[in-house]
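Coordinate inspection notes
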Amino acid sequence: MENLFTNLAGSLRAALESTGLPAILTDTSMTMVKLTAILVFILLNALWLVYMERKVAGYIQFRPGPNRVGPKGLLQTTADIGKLMSKEVVIPKQADKVLFLLAPALVFAPPLMVFAVVPFGENMAAIDMNIGLFYFLAVASLSTVIFWMAGWSSNNKYSLLGGMRVVAQMVSYELPLVLSILGVVMITGTLNISEIVRSQQGIWFIFAQPLAFLIFFIAGVAECNRAPFDLAEGESELVAGPFTEYSGMGFAMFFLAEYASALVISFMCAILFLGGWLAPFGMTFIPGWIWMFLKVYLVMFLIMWIRWTYPRIRVDQLMGFGWKVLVPLSLANIFVTGLVMKIFKMLGW
Amino acid sequence: MFGEGLIKGLTITWKSLIGKKITVLYPDEIYSLPDRFHGKFRFDKDACISCGMCVRACPNKVITLETEKVAKKKRILKYEMDIKYCLFCGLCVESCPKDALGYEKDFEMCQYKWEKLPMVFVDEEPLPAEEKERLEEEAKKAAEAKKAAQEAAKAKAAEDASQGKEG
């Protein structure tokens, strides 16, 4: 069980090699298969997460949530997506048509690209890059551009304001996000994500770096525009922010991409702070990739729980919190981490 | 402590998350409605005396009442409520002198077809002419017989009285 997926990939590679394909073709097709599997994984998860979010929201509000379509309402999101697909994509007359249509098509690209380096279990990263963490930070911030594209091309004041808010928010929260990871990187001395997970064998970094985890989590929630930091689409002020003019599948793409990026943040939380695929209390009879999944869903549930508990904060509060609280705190965290590491070294640990 | 309120909020939502759900899953289960529930209208044809008070009481002219007179008696041909204009004020029910109108514990009045919207309580053909004549004749005969019987009784009473005087 532990090596189910790695064995599958190995046998597929062996089968491809036995057909006498050149090595480069084998490699390319293996990568394609892996990326397709990741895409399917993300889409299925996004579908499930929309359902889960609605269930959690319902339960928190004393409601049963969706329970009509399919058993226990499980097919509700499928039906919603089916409906959205059959709808017309309305393009505003004054909109920049190319950018307007390009934005929803591209919005899935950054999360998908990030997932290329995410290890789903031991040796289960599609590409095990030695600057994986750096790559994650670089690619994850790309989605800012896409939201800005959507906001700008719609030629609508609400879209534009929403787009500007996304940019402002993402740029300010990118900083504490990066700085909070720095502590982890200092301890492990590597940017390779799999290596970071392996170095948590002794102690998970949530216990070694609790402040960093808190900052990373808050900044991550802000990064994927989830409540209470969903100012970009604050429906009481901006209709739907950058998505105001989108209809049909265009809207659905943004909607699903929100969950995909939330999934990315959950994966990063699980990998960097919750020990990734490492089993707690030596419960290794459950395979690593299931542990990974459980941890990801724990973080995901936490994000949803927070969303349905706290109200949306104001723009000035958001900026003030980011620059005046999170950034100094994360800098202090780096300083203390460095100090403690130096002391440990002097003590000869 | 800083952040105490945030934790408190989270505990509240956690409690409601695992708490009992209060939604009534409507088409599968319905609330037990109170006895005096103001729902659909009930019309008792036999109790109605076709006085037309309800028609006059209705502020939206929802009720149509058509009658015909057979042998000095009003017979209801049509009693219809055009429910799409009804505002459920209940003035018709209040104005009814014979309690022929009332409420039912049923509020599901949706229809798929526009034509089915009006609530038809009575829809009868007027009686054919022969039948009417026959009934009128019968009524006449009955009235005459009654009159005769009454006269006979009167005469008898008068006779009895005179006899009594004589006796």
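All chains use their own residue numbering, which begins from 1 and follows the written sequence. For naming, the first written chain is A and the first written ligand is 1, with later ones following in the order written. Owing to the predicted nature of the model, reporting of local features is limited to residues with pLDDT of at least 70; listing and counting of side-chain atom pairs is limited to 80 or more, with chain, interface and lining totals taken over all residues. Calculation of side-chain values draws on the structure's entire complement of heavy atoms; hydrogens and water are dropped beforehand.

**A short note on the overall build of chain A**
Quick reminder of the rule: Each helix is a run of H or I in the DSSP string that is no shorter than four residues. Each strand is a run of E no shorter than two, and both are numbered from the N terminus. With the radius of gyration taken over C-alpha atoms, the globule rule is written as 2.2 Å times the number of residues to the power 0.38. It only takes one pair of heavy atoms within 4.5 Å for two residues to be counted as in contact. Accessible surface area values rest on a Shrake-Rupley calculation with a 1.4 Å probe, where residue burial reflects the displayed protein chains alone. In this tally, Asp and Glu contribute negative charge and Lys and Arg positive charge; neither His nor the terminal groups of the chain are included. A charged residue contributes its charge at one atom only: NZ of Lys, CZ of Arg, CG of Asp or CD of Glu.
Assigned secondary structure in chain A consists of 15 helices and zero strands. Taken over C-alpha atoms, the radius of gyration comes to 21 Å for chain A, in line with the 20 Å a tight globule of 349 residues would show. Each principal axis of the C-alpha atoms in chain A carries an extent, and together these give about 65 × 60 × 45 Å. By sequence separation, contacts in chain A at least 24 residues apart represent 77% of the contacts at least 6 residues apart. Accessible surface, chain A: about 16400 Å² in total, of which carbon and sulfur atoms supply 72%. Within chain A, one finds 22 positive and 19 negative side-chain charges whose respective centroids are separated by 6 Å.

**Considering the packing of aromatic side chains**
Residues and elements named next belong to chain A. We count it as follows: Two aromatic rings from Phe, Tyr or Trp, using only the six-membered ring of Trp, form a pair when their centres are within 6.5 Å; if the ring planes differ by under 30 degrees the pair is stacked, by over 60 it is edge-to-face, and anything between is tilted. Any residue under 20% of the maximum accessible area for its type is buried, any over 50% is exposed, and the rest in between are partly exposed; the area is computed with a 1.4 Å probe on protein chains only.
In total, this model carries 31 aromatic pairs over all chains according to the counting rule given. Judged by centre distance (4.2 Å) and plane angle (5 degrees), the rings of F100 and Y246 are stacked. On the criterion of sequence distance, the pair formed by F100 in helix 4 (residues 97-106) and Y246 in the loop between helix 12 (235-238) and helix 13 (248-272) is long-range, its members being 146 residues apart. The class for Y246 is buried, based on a relative accessible area of 7%. These aromatic residues form a ring-pair network of at least three members: F41, F115, F120, F267, F293 and Y297.

**Section: helix 11 (residues 210-223) of chain A**
Residue and element names in this part refer to chain A. Our working definition: Multiply 1.5 Å by the residue count of a helix minus one, and that product is the helix's expected span.
Taking 1.5 Å of rise per residue, the 14 residues of helix 11 would be expected to cover 20 Å, and the 19 Å separating its terminal C-alpha atoms lies within 8% of that figure. Counting buried positions along helix 11 gives eleven out of 14 residues, so the element sits mostly inside the fold. All buried positions along helix 11 are accounted for by A212, F213, I215, F216, F217, I218, A219, G220, V221, A222 and E223. Buried-residue contacts for helix 11 involve helix 8 (157-188), helix 10 (205-208), helix 13, helix 14 (288-307) and helix 15 (315-347). Count one or two residues on from helix 11 and you reach N225, which has phi positive near 55 degrees.

**Section: the side chain of K21(B)**
Short version of the rule: Criterion for a salt bridge: a side-chain nitrogen of Lys or Arg within 4 Å of a carboxyl oxygen of Asp or Glu. Any pair of nitrogen or oxygen atoms within 3.5 Å is treated as a polar contact; in protein, a donor-acceptor pairing is required on top of that, and neighbouring residues in sequence qualify only through side-chain atoms on both sides.
Structurally, the position occupied by K21(B) is in the loop between helix 1 (4-18) and strand 1 (41-43). For the buried K21(B), which has no salt bridge, the nearest side chain bearing the opposite charge is E29(B), at an N-O separation of 14 Å. Within the structure, the side chain of K21(B) is placed 3.2 Å from the backbone oxygen of S16(B), a separation counted as a polar contact. Of the polar contacts made by the side chain of K21(B), one reaches the backbone oxygen of G19(B); its length is 2.7 Å. Once residues within four sequence positions are removed from consideration, K21(B) is found in contact with Y59(A), F62(A), R63(A), P64(A) and S16(B).

**So, the pattern of salt bridges**
Taken as a whole, this structure holds 18 salt bridges over all chains when the rule is applied. With a closest N to O distance of 3.2 Å, E258(A) and R226(A) form a salt bridge. Linking E258(A) in helix 13 with R226(A) in the loop between helix 11 and helix 12, this pair joins segments that are 32 residues apart in sequence. By relative accessible area, which is 1% here, R226(A) ends up buried. For D82(B), the salt bridge goes to K84(B), with nearest N and O atoms at 3.1 Å. Each of K45(B), E68(B), R75(B), E124(B) and K132(B) takes part in a single network of salt bridges with overlapping partners.

**Quick word on the interface of chain B and chain A**
Quick reminder of the rule: Two parts lose some accessible area (1.4 Å probe) when they are put together, and adding that loss for both gives the buried area.
Each partner contributes residues to the interface: chain B has 15 residues there, and chain A has 14 residues. Buried surface at the junction of chain B and chain A, both sides included, amounts to about 1300 Å², of which 72% is carbon and sulfur. Of all residues in chain B, L10(B), L17(B) and K21(B) give up the largest surface area on contact with chain A, accounting jointly for 38% of the area buried on that side. Remark: the boundary between chain B and chain A carries one salt bridge. Note that D28(B) is salt-bridged to R68(A), the shortest N-O span being 3.0 Å.

**Focus on the nonpolar core**
How we decide: Among buried residues, the Ala, Val, Leu, Ile, Met, Phe, Trp, Tyr and Cys ones that are joined through side-chain atoms within 4.5 Å form a nonpolar core.
Grouped together as the largest cluster of nonpolar side chains are 80 residues, with contacts concentrated most on F115(A), L133(A), F136(A), F267(A) and M268(A). The leading source of residues in this core is helix 13 of chain A, at 14 residues. Apart from residues no more than four positions distant in its own chain, F136(A) is found in contact with V114(A), I181(A), V264(A) and M268(A). If you look at the next biggest cluster of nonpolar residues, it comprises 21 residues, including Y79(B), M81(B), C96(B) and V122(B).

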